[in-house]
Amino acid sequence: MAVLVTGGAGYIGSHTVAALLERKEDVVIVDNMMQGHRDAVLGGTVCVGDLRDRSWLESIIENHGITEVIHFAASSLVGESMQDPGKYYDNNVYGTLCLLEAMRHQGVNRIVFSSTAATYGEPEQVPISETDSTLPTNTYGETKLAMEQMMRWFDSAYGMKYVSLRYFNAAGALPDGRIGEDHSPETHLIPLILQVPLGKRDHISIFGDDYPTTDGTCIRDYIHVCDLADAHILALEKLRQGGESSIYNLGSGNGFSVKEVIDVCRKVTGHAIPAIVQPRRAGDPAVLIASSARVQSELGWSPKRDSLEAIVGDAWRWHLANPNGYRQ
Ligand code: UFG
């Protein structure tokens, strides 16, 4: 009995692997290492390869006695997805099809899926509920929605049960500092801000200060990566206990503007962090805040690390110790 974690060398994947290892689970990681880092994987068996190599994937599932899958492997850059949509359909949608077919052939019928708030597009209301309409405004969100829908039809046809977790803005790092966030290229707000006190950039750009929010900058719901990892464990337990397929938002329910996030980073790092207002970035909704009422009532999940200072503090500890990211 072992859990297969696809994309387990990536940011959220590696923190979930750490949480699984903490619980003494047997973990097998598959990652093509295009974006993942070998040093981010704290244990388990690492298999380097691509989901789209279906016979290879089936042999991993068979040889390691896989009983459940947690599926992170995907391309996840919104801007790139608009420039190169084919890459996203191939890696994300076709990759997931290969995974589900391999699971079906090997009799594995439980999967926890890494989804995103980008499935909603421009929100129809705030906070956003799982029952709200899903009209993605970028190819990345569209492919994640297609992957969710594929799972729904595999459940209907073959009884394959899934829990899809729609994350809002993942941030932070393992509090003991062993692993953290290292994207290349980096596009996320908090690691970019922290590059200023690290001396790697001289200012942070604020993408637009004319949004209909209190200070004019975009508001997001930042959630600690370890809280996300905990939700995957609860979802896995739900499926092991015979639970039905479901979709859950994962957010704190609190919104912070870009300017507020920069202020928290100034406080945590003790650095002035100059900020320069730039034009809006295309496709950014003004406000994205989760309602996590469903996951709280059905899985008993709520964020344990919900102060933004604590989230930034954990991120800062990792970046200070690893200013150039992972070695590998
Ligand atoms: N921002 C800046 N300056 C920067 C970088 C970001 O002002 O240098 C702003 C963005 O415009 C946005 C906010 O900071 O308003 C957060 O931006 P991120 O790129 O960190 O995160 P997003 O909200 O764009 O992205 C998140 C998830 C994605 C998901 C997306 C869906 O991280 O995986 O929501 O909208 F696809």
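Look up a bit, the structure's there.
Residues numbered from 1 in each chain as written. Predicted model: local features only at pLDDT ≥ 70, side-chain atom pairs only at ≥ 80, totals over all residues. Heavy atoms only, no water.

(A) View of the site of the ligand. Taken together, 20 residues lie around the ligand, and Leu189, Ser205, Arg220, Arg281 and Asp284 are the ones closest in. At 2.7 Å from a nitrogen atom of the ligand is found a main-chain nitrogen or oxygen belonging to Ser205. Against a free-state accessible area of 690 Å², the protein chains account for coverage of 91% of the ligand. Secondary-structure elements contributing two or more residues to the shell around the ligand are helix H6 (189-194) and strand E8 (204-207). With 4 residues, the top contributor of residues to the shell around the ligand is E8. (Near = heavy atom within 4 Å. Polar contact = N/O pair within 3.5 Å; in protein donor to acceptor, adjacent residues only side chain to side chain. Areas by Shrake-Rupley, 256 points an atom, 1.4 Å probe, with all protein chains shown as cover. Helix = DSSP H or I, 4+ residues; strand = E, 2+ residues; numbered from the N terminus.)

(B) Spotlight on the environment of Tyr167. Its location among the elements puts Tyr167 in strand E6 (residues 161-167). You can call Tyr167 buried: its relative accessible area is 6%. Along the backbone, Tyr167 and Ser14 are 153 residues apart, and their C-alpha atoms lie at a distance of 16 Å. When sequence neighbours within four positions are dropped, the list of residues in contact with Tyr167 reads Ile12, Phe72, Ser114, Ser115, Thr116, Ala117, Leu228, His232 and Leu250. A polar atom in the side chain of Tyr167 sits 3.0 Å from the side chain of Ser114. (Buried < 20%, exposed > 50% of the residue type's maximum accessible area, 1.4 Å probe, protein only. Contact = heavy atoms within 4.5 Å.)

(C) Structural view of the packing of helix H1 (residues 11-22) against helix H7 (residues 225-240). Here H1 crosses H7 at 60°, and the two axes come no closer than 8 Å. Between H1 and H7, the interaxial angle falls into the category oblique. Where H1 crosses over H7, the handedness of that crossing is right-handed. Counted together, Tyr11, Ile12, His15, Thr16, Ala19 and Leu20 of H1 and Val225, Cys226, Leu228, Ala229, His232, Ile233 and Leu236 of H7 form the full contact between these two elements. Classifying every residue of the contact of H1 with H7 by side-chain character gives 10 nonpolar, 3 polar and no charged. (Axes fitted to C-alpha atoms, helices over the stretch in contact; angles between N-to-C directions. Parallel < 35°, antiparallel > 145°, perpendicular 65-115°, else oblique. Left-handed = near helix turned anticlockwise from the far one by under 90°. Nonpolar A, V, L, I, M, F, W, Y, C, P; charged D, E, K, R; others polar.)

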